[in-house]
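Residues per chain are reported as follows:
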Amino acid sequence: MTTPPPVPPVPPAQPEPLTADEEALIRALPRLIYALPRAIDADMVREQQLPLIEWITLMRLSEAPQRRMRMGELAVACELSLSGMTRIVTVLERQGWVERLRCDADARGLNAVLTDAGLARLERAWPSNLASLRRHFLDHLEGVDLARLARAVQNVAGSA
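None of these values were measured; they are calculated from a predicted model.

J.: An account of helix 5 (residues 116–136) is requested, with residue identities and associated values reported.
T.: Note: α-helices contain 3.6 residues per turn, so residues at a spacing of three or four share the same orientation. End to end, helix 5 covers 30 Å across 21 residues, agreeing with the expected 30 Å (1.5 Å per residue, within 8%). Roughly 40° is the biggest bend found in helix 5, and it falls at alanine 125, with proline proline 127 one to four residues downstream. Within helix 5, burial applies to Gly118, Arg121, Leu122, Ala125, Ser128, Asn129 and Ser132.

Rendered as structure tokens:
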């Protein structure tokens, strides 16, 4: 019995070229991804002496049950490596805004815990963060369906 010759693969269909609007959006995205956090960080440092990543860390902890998260979970929530998160938490610990405590269920693990002073610091910085978000991003989206945009961005992030 002889085997049939291999079937050549079907070449993929040519994708549709980008429209002018699609091209403009694709070219604007890297600038947005780079420039927006830098602009907000600059505002936060200038107005609050609180870098954006420290603000985000305090915010994530404030939203967690009992204002505590395992260090690894906090790193994921802040989109940092564990070593990067450790450095940030060390800075926040020195300020008295976060403390590290052994996990009850796993003595090897550490929780980062937002202190009352850390929550107060977050609350003091909140108006600056909000104003910066509005100035650099939300104020530019007048007329845009924000719920639809949020779903689209979440879909893109989930597929990456």
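J.: So what's going on with the packing of helix 1 (residues 20–48) against helix 5? Residues and values would help.
T.: Where helix 1 meets helix 5, the closest approach of the two axes is 9 Å, and the angle between their N-to-C directions is 140°. Put simply, helix 1 runs oblique to helix 5. Crossing of helix 1 against helix 5: the hand is right-handed. The residues of helix 5 that touch helix 1, namely those facing Leu36, Ala39, Ile40, Asp43, Met44, Glu47 and Gln48, are Arg121, Arg124, Ala125, Ser128, Asn129, Ser132, Leu133, Arg135 and His136. In terms of residue class, the contact of helix 1 with helix 5 is built from six nonpolar, five polar and five charged.

J.: Run through the packing of helix 2 (residues 52–63) against helix 5, naming residues and quoting values.
T.: Between two packed helices, the angle of one axis relative to the other and the distance separating the axes together describe the packing. Axis separation between helix 2 and helix 5 bottoms out at 10 Å; the angle between their running directions is 120°. Taken as axis vectors, helix 2 and helix 5 run oblique relative to one another. The handedness of the crossing between helix 2 and helix 5 is left-handed. Along its contact with helix 2, which presents Leu52, Trp55, Leu58, Met59 and Ser62, the element helix 5 presents Gly118, Leu119, Arg121, Leu122, Ala125, Trp126 and Asn129. Per-class residue counts for the contact of helix 2 with helix 5 are eight nonpolar, three polar and one charged.

J.: Report on the side chain of arginine 121, specifying residues and quantitative values.
T.: Mapped onto the elements, arginine 121 comes out in helix 5. Notably, arginine 121 is buried but unbridged: the nearest opposite-charge side chain belongs to glutamate 54, and the N-O separation is 7.5 Å.

J.: Please provide a residue-by-residue account of helix 4 (residues 82–95), values included.
T.: Across its 14 residues, helix 4 extends 20 Å between first and last C-alpha, which sits within 8% of the 20 Å expected from 1.5 Å per residue. Of the positions making up helix 4, those classed as buried are Gly84, Met85, Ile88, Val89 and Leu92. Relative to the axis of helix 4, the buried residues are bounded by an arc of 130° and lie together on one face. Within helix 4, the exposed residues directed more than 90 degrees away from the buried face are Arg87 and Arg94. Check the buried side of helix 4 and you find it contacts helix 2, helix 3 (71–77), strand 2 (98–102) and strand 3 (110–114). One or two residues past the end of helix 4 sits glycine 96, with phi positive at roughly 85°.

Calculation notes
Residues numbered from 1 in each chain as written. Predicted model: local features only at pLDDT ≥ 70, side-chain atom pairs only at ≥ 80, totals over all residues. Heavy atoms only, no water. Helix = DSSP H or I, 4+ residues; strand = E, 2+ residues; numbered from the N terminus. Expected span 1.5 Å × (residues − 1). Bend = angle between axes of the 7 residues up to and from the residue. Buried < 20%, exposed > 50% of the residue type's maximum accessible area, 1.4 Å probe, protein only. Axes fitted to C-alpha atoms, helices over the stretch in contact; angles between N-to-C directions. Parallel < 35°, antiparallel > 145°, perpendicular 65-115°, else oblique. Left-handed = near helix turned anticlockwise from the far one by under 90°. Contact = heavy atoms within 4.5 Å. Nonpolar A, V, L, I, M, F, W, Y, C, P; charged D, E, K, R; others polar. Lys, Arg positive; Asp, Glu negative; His and termini not counted. Salt bridge = Lys/Arg side-chain N within 4 Å of Asp/Glu carboxyl O. Arc of directions from axis to C-beta.

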